[in-house]
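Take a look at the letters that make up each chain.
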Amino acid sequence: MTETERRAPRADAARNRDQLLAVATRVFVSADDEPSMRAIAREAGVGIATLYRHFPTRESLVDAVYRDQVARLTTGARELLGGLAPAAAMRRWMDLFGDWIATKNGMLDTLLAMIESGEIAHARTRTELLAAITTLLDAGRAAGDLRSDVTAEDVAAALIGIFTVAPRPAHEAKAGRLLNLLMDGLRPAPAA
């Protein structure tokens, strides 16, 4: 057996891990407080030992969910541009950003402690997210779909504001209306 074969997880183990990540993400979104590891395992339909085999600590689970969500946002920008016009891709990406913010509901205390201790590099995440927004803005500018005077920081600040006053999932409709208003403001003014 080669070194790579020893380190590569079996297909069923990788599926179990992916399922646990998906379920944990869903549980974190719907939770008001941090759910127990036992509650996450129960929701996933696995024993607590299976959860701990993949994620030996709450911090390792939170880290995996957080990194998975950031990766979805950063790769999502490029993937959305592959199938949608830039303005439509930007609007759909805003929904992904809202999902990412909502995921923090049930893991906020642990996440803040991990950022404070340096286990999660908040500055790196910010840089990655701003790069994703810039990718969308640049494509929108080139297509004439989005204004040229808007920065990634502007969009990020607006999104944080929207999801602060209309947190998901409780205020889904309000968040959607505010995101649509933001998109209206991102479009170039019609020629006179």
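You'll find the structure just up there.
Every value quoted in this text rests on a predicted model; they were computed, and no experiment measured them.

**Notes on the overall build of the protein chain**
What the protein chain contains, in helices and strands, is ten helices and zero strands. Along its sequence from the N terminus, the protein chain presents helices and strands in the succession α-α-α-α-α-α-α-α-α-α. With respect to the principal axes defined by its C-alpha atoms, the protein chain has extents near 65 × 40 × 30 Å. For the protein chain, with 192 residues in total, the buried portion stands at 38%. Each charge class in the protein chain can be summarised by its mean position, and for the 24 positive and 25 negative side chains these summaries are 3 Å apart.

**Regarding the packing of helix α2 (residues 11–30) against helix α3 (residues 37–44)**
For the pair α2 and α3, interaxial distance at closest approach is 9 Å and the crossing angle is 115°. For α2 against α3, the interelement crossing comes out right-handed. When α2 is examined against α3, the residues Gln19, Leu20, Val23, Ala24, Arg26, Val27 and Phe28 are found in contact with a partner set consisting of Ile40, Glu43 and Ala44.

**Points about the pattern of salt bridges**
This structure, assessed with the given rule, holds twelve salt bridges. The shortest N-O distance in the salt bridge between Arg147 and Asp149 comes to 2.7 Å. Judged by relative accessible area, Arg147 falls into the partly exposed class, the value being 30%. Taking the shortest distance from any N to any O, the salt bridge between Arg168 and Glu172 comes out at 2.8 Å. Where salt bridges share partners, they join Arg91, Arg92, Asp95, Asp99, Arg168 and Glu172 into one cluster.

**Let's talk about α3**
Those residues of α3 that sit buried are Met37, Ile40, Ala41 and Ala44. Looking straight down α3, one finds that the buried residues subtend no more than 100° of arc, so they occupy a single side. With respect to the buried face of α3, the exposed residues turned more than 90 degrees away are Arg38 and Arg42. Residues of α3 that are buried in the fold lie against α2, α4 (48–54) and α5 (58–83). Phi turns positive one or two residues past the end of α3, at Gly45, with a value near 75°.

**Notes on the side chain of Thr110**
Secondary-structure assignment places Thr110 in helix α7 (residues 108–117). Not counting residues up to four positions away in its chain, the partners in contact with Thr110 are Glu34, Arg58, Glu59 and Val62.

**Here's the deal with the nonpolar core**
Judged by nonpolar contacts, the single largest core of 52 residues is most densely connected at Leu61, Met90, Trp93, Leu159 and Leu186. Residue assignment for this core shows that the elements contributing at least two residues are α2, α3, α5, α6 (86–103), α7, α8 (122–143), α9 (152–165) and α10 (172–186). Considering every element that reaches this core, the biggest residue donor is α5, with nine residues. Setting aside anything within four residues of it in sequence, one finds Leu61 in contact with Ala24, Phe28, Met37, Ile40, Leu51 and Phe55.

Conventions adopted
Within each chain, residue numbers correspond to sequence positions counted from 1 in written order. In keeping with the model being predicted, local features are shown solely for residues with a pLDDT of at least 70 and side-chain atom pairs are shown and tallied solely at 80 or more, while totals for entire chains, interfaces and linings include all residues. Note that the side-chain values use all heavy atoms of the structure and ignore hydrogens as well as water. Starting at the N terminus, helices and strands are each numbered in turn, a helix being any DSSP run of H or I of at least four residues and a strand any DSSP run of E of at least two. For each residue, the accessible area found with a 1.4 Å probe, counting protein chains only, is set against the maximum for its type, and the residue is called buried under 20%, exposed over 50%, and partly exposed in between. Residues counted as positive are Lys and Arg, residues counted as negative are Asp and Glu, and His and the chain ends are not counted. Here the site of a charge means NZ on Lys, CZ on Arg, CG on Asp, or CD on Glu. Note on method: axes are straight lines fitted to C-alpha atoms, helices fitted across the in-contact stretch only, with angles between N-to-C directions ranging 0 to 180 degrees. Crossing handedness is defined as follows: a turn of the near helix away from the far one that is anticlockwise and smaller than a right angle gives a left-handed crossing, while the clockwise case is right-handed. Whether two residues are in contact is decided by their heavy atoms: any pair within 4.5 Å suffices. When a carboxyl oxygen of Asp or Glu is within 4 Å of a side-chain nitrogen of Lys or Arg, the pair counts as a salt bridge. Note: the arc covers the axis-to-C-beta directions of the helix. Buried residues of nine kinds, namely Ala, Val, Leu, Ile, Met, Phe, Trp, Tyr and Cys, make up a nonpolar core once their side-chain atoms join them within 4.5 Å.

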